[in-house]
Amino acid sequence: MKTLIIIRHARSKDALIGQSDYDRALNHEGEVDAKMMAQKLKDKNILVDAFIASAAKRTQSTAKIFMKELAANEHQFFPTKNLYEAPVTEYYKAIEQCNDNWKTVAIFGHNPGVTYLINSFDTKPIHHMPPAGMYVVEINADSWKDFSSAEKKFLFFEKVEEI
């Protein structure tokens, strides 16, 4: 069995004039939200073996906040340019390339890709993955290479509560 945690980056600042979308940073609320969501994983005693993140600034920042809260080290962090504006197939490729020694993997990405990824499973669909949202599934497989065909079981969905 494997566990996959799908996380959308937290809220980010608006792009400055001339700044690319890729380089947008988290805003203060996004930093707070990411820390709070990481704490929810910690409270559930979920240990993450690897953190795979889009190479975009806001996504890497979200992943690093999770890593800090979960006491992970830099050797567990794997940024990839392939998840920025990525179709579902790129998420599947990233997941299927994971090391089989990893039991639990967190993957950080962007909408609409993460919503499409979640809805590609035969589990509980969602309409829209909110910023800093987490969707967790258990994978009935011993190898990540079998991710595409493996049965997936919905475990939980967490999101930041709107005020």
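For the structure, see preceding data.
Nothing here was measured: the structure is a model prediction, and the numbers come from that model.

Participant: Lay out the layout of surface pockets in plain terms, naming residues and giving numbers.
Facilitator: What the largest pocket holds in volume is close to 200 Å³. Around the largest pocket sit I52, F78, P79, T80, N82, L83, E90, K93, A94, Q97, C98 and W102, which together line it. Broken down by secondary-structure element, the contributors of at least two residues to the lining of the largest pocket are β3 (77-80) and α3 (88-96). The residue inventory of the lining of the largest pocket, partitioned by class, reads 7 nonpolar, 3 polar and 2 charged.

Participant: With reference to specific residues and values, describe the sheet that holds strand β5 (residues 134-139).
Facilitator: Strands sit in the order β3-β2-β4-β1-β5-β6 across an open sheet of 6 strands; the sheet is mixed. A single partner strand is all that each edge strand has here, and the edge strands are β3 and β6 (152-158). Here the strands of the sheet are splayed against their neighbours by 20 degrees on average, with no regard to which way each runs. Sheet contacts for helix α2 (residues 57-69): β1 (2-8), β2 (50-54), β3, β4 (104-109) and β5; angle to β2, the most-contacted strand, approximately 160 degrees. Packed onto the sheet, α3 meets β1, β2 and β4 and runs at close to 150 degrees relative to β4.

Cut-offs and rules
- Residues numbered from 1 in each chain as written.
- Predicted model: local features only at pLDDT ≥ 70, side-chain atom pairs only at ≥ 80, totals over all residues.
- Heavy atoms only, no water.
- 1 Å grid on protein atoms, 1.4 Å probe; cavity = no way out; pocket = protein on both sides within 12 Å on 5 of 7 lines; lining within 4 Å.
- Points joined across faces, edges and corners; volume = space filled by probe spheres on them.
- Helix = DSSP H or I, 4+ residues; strand = E, 2+ residues; numbered from the N terminus.
- Nonpolar A, V, L, I, M, F, W, Y, C, P; charged D, E, K, R; others polar.
- Pairing = 2+ DSSP bridges.
- Axes fitted to C-alpha atoms, helices over the stretch in contact; angles between N-to-C directions.
- Contact = heavy atoms within 4.5 Å.

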